[in-house]
Amino acid sequence: MIKITESNFLTSAQGVEDSLSDEVSEVVFLGRSNVGKSSIINALVNKKGLAKSSSTPGKTRLINFFSVKFMKDKQTYIARFVDLPGFGYAKVSKSMKNEWQKNLTNFLNKRRSIRLFVHLVDSRHRVLDIDKNLDEYVRSILHGDQKLLQIFTKADKLNQKEKSALKKDFPNALLVSSSKKNGIDKALMSIFDSLFGEIKQYD
Ligand SMILES: Nc1nc2c(ncn2[C@@H]2O[C@H](COP(=O)(O)OP(=O)(O)OP(=O)(O)O)[C@@H](O)[C@H]2O)c(=O)[nH]1
Ligand SMILES: [Mg+2]
């Protein structure tokens, strides 16, 4: 059994330059605006409202750092979760959008404490250009000590047939509903595994 027993907001930053020191392993949650980045963080740590979520796209505007304490077999493991602004948020001016995108990609590229990129994709819109670009981008900057995990969000919006089809097309993908808490335990195990190494048994 893996659990997060403690989680706290640490600080916000605008970019890699004003981010806090990078000695702790980090998991970044990235994806389109409104895909459910902040919501999955809250579901994983089991704290409503730790990361601010909203039905209005563009809610998260800064890079937000959270400390998380995992517990497995009575041992604790420390890491950080990083909530990012969404890619492709349309309702800001073009120059501001470019500035954001530059900041974000710069952060993803330069922040060497990132051990895991969690790319969230809306399970109802799984082949959007913006996600393809994001996937390609992350793969292009991925170092040997970093991993990429794709998670489909908002599974509760799919019917059984759609869920089966998605699982067939993406046999290794994780399918999660943050609001219904489906798939959250599995996602947590997968994240823990990426951070702290092979675990042969999940029980
Ligand atoms: N039905 C359903 N809605 C969800 C789920 N996860 C998130 N949402 C909703 O989707 C909206 C956006 O969620 P956020 O977590 O704020 O999304 P975000 O990716 O952080 O958005 P930005 O910060 O704007 O980039 C909110 O209205 C959430 O309640 C889910 O699993 N199921
Ligand atoms: Mg957000």
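Located above this text is the structure these notes cover.
Residues numbered from 1 in each chain as written. Chains lettered and ligands numbered in written order. Predicted model: local features only at pLDDT ≥ 70, side-chain atom pairs only at ≥ 80, totals over all residues. Heavy atoms only, no water.

Participant: Would you mind going over the coordination of the magnesium ion (ligand 2) with me for this structure?
Facilitator: The textbook angles at a metal center are 109.5 degrees for a tetrahedron of four donors and 90 or 180 degrees for an octahedron of six. Surrounding the magnesium ion (ligand 2) are the protein donor atoms S38 (OG) and T60 (OG1), which sit 2.0 to 2.2 Å from the metal. Taken as a pair, S38 in helix α1 (residues 37–45) and T60 in the loop between α1 and β3 (63–72) lie far apart in primary sequence, 22 residues in all. Look at T60 and you get buried, because its relative accessible area is 11%. (Donors = N, O, S within 2.8 Å, 3.2 Å for Na, K, Ca; no water. Helix = DSSP H or I, 4+ residues; strand = E, 2+ residues; numbered from the N terminus. Buried < 20%, exposed > 50% of the residue type's maximum accessible area, 1.4 Å probe, protein only.)

Participant: Whenever I open this one, the pattern of salt bridges confuses me. Can you help?
Facilitator: Taken as a whole, this structure holds eleven salt bridges when the rule is applied. Across the pair E6 and K69 runs a salt bridge, and its minimum N-O distance is 3.2 Å. Highlighted residues: E6 in strand β1 (residues 2–13) and K69 in strand β3, separated in sequence by 63 residues. As a salt-bridge pair, K132 and D129 come within 3.7 Å of each other at their nearest N and O atoms. Here K132 pairs with D129, and both are found in helix α3 (residues 129–141), just three residues apart, close to one helical turn. (Salt bridge = Lys/Arg side-chain N within 4 Å of Asp/Glu carboxyl O.)

Participant: So what exactly am I meant to see when it comes to the layout of surface pockets here?
Facilitator: Rolled over the atoms, a probe sized like a water molecule indicates the empty space that remains. As a volume, the largest pocket reaches approximately 620 Å³. If you trace the largest pocket, you find 32 residues lining it, with G36, S38, S39, S53 and S178 closest to the centre. Sort the elements by how many residues they give to the lining of the largest pocket and α1 lands first, with five residues. For the lining of the largest pocket, the residue count by class is four nonpolar, 19 polar and nine charged. The space that makes up the second largest pocket amounts to roughly 220 Å³. Every residue lining the second largest pocket is listed: M1, I2, K3, I4, A43, L44, V45, N46, K181, I184, D185 and L188. Secondary structure elements with two or more residues in the lining of the second largest pocket: β1, α1 and α5 (184–196). (1 Å grid on protein atoms, 1.4 Å probe; cavity = no way out; pocket = protein on both sides within 12 Å on 5 of 7 lines; lining within 4 Å. Points joined across faces, edges and corners; volume = space filled by probe spheres on them. Nonpolar A, V, L, I, M, F, W, Y, C, P; charged D, E, K, R; others polar.)

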